[in-house]
Amino acid sequence: METQTKRVRDYTLREYIEPARRRGDVTVKVVAGEVQKGVQLSNRVPLVCQALRSRKFLEENGLILEKWEGPPSGMSTTVTFIYRLRDRAAEPGRQPAEDPLMRLWGIGKEVFQGLGGGEEFIRREREHFHDADGGEDA
């Protein structure tokens, strides 16, 4: 049995994401109210909005949620989701784009190893904390 959330994700993929990929678009805009109407749901805006921002939807479809626009609650037919399509790098002969934040993964590891490890560094800092403010003993 297909859940309403799955219907929302499948509809959005079929009607918005796949056509944008075929056109070669970099981003795609999806309005929650249009999706709710397209899957013939009534008064299910929270379900639609949750489905469209869910990690599962983003990961399964190679999307990055660039931003969403709408009321602060984030639950309205007017909420607009803007996704960036990530899978263009999956085309034959293209290398995946490197995520700039992933380049920072583990950057402190070598620094803390050189200081004897993170716990040792913190212990030493705590021992000498009062030395830096005028020589008072703890």
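This is a predicted model, so every value here is computed, not measured.

Draft legend 1. Seen up close, the overall build of the protein chain. A tally of regular secondary structure across the protein chain gives 6 helices and 3 strands. Counting helices and strands in the order they occur from the N terminus, the protein chain gives α-β-α-α-α-β-β-α-α. For the protein chain, buried positions account for 28% of its 138 residues. Counting contacts in the protein chain only where the partners sit at least 6 residues apart, residues at least 24 apart contribute 53% of the total. Of the roughly 9,900 Å² that the protein chain leaves accessible, carbon and sulfur atoms contribute 51%.

Draft legend 2. A look at the environment of Gln-36. Within the secondary structure, Gln-36 is located in helix α2 (residues 32-38). Residues Gln-36 and Cys-49, spaced 13 residues apart in sequence, show a C-alpha to C-alpha distance of 9.3 Å. The contacts of Gln-36, once residues within four sequence positions are left out, are Leu-41, Ser-42, Asn-43, Arg-44, Val-45, Val-48 and Thr-77.

Cut-offs and rules
Residues numbered from 1 in each chain as written. Predicted model: local features only at pLDDT ≥ 70, side-chain atom pairs only at ≥ 80, totals over all residues. Heavy atoms only, no water. Helix = DSSP H or I, 4+ residues; strand = E, 2+ residues; numbered from the N terminus. Buried < 20%, exposed > 50% of the residue type's maximum accessible area, 1.4 Å probe, protein only. Contact = heavy atoms within 4.5 Å. Areas by Shrake-Rupley, 256 points an atom, 1.4 Å probe, with all protein chains shown as cover.

By themselves, these are just geometric observations and shouldn't be taken as functional.
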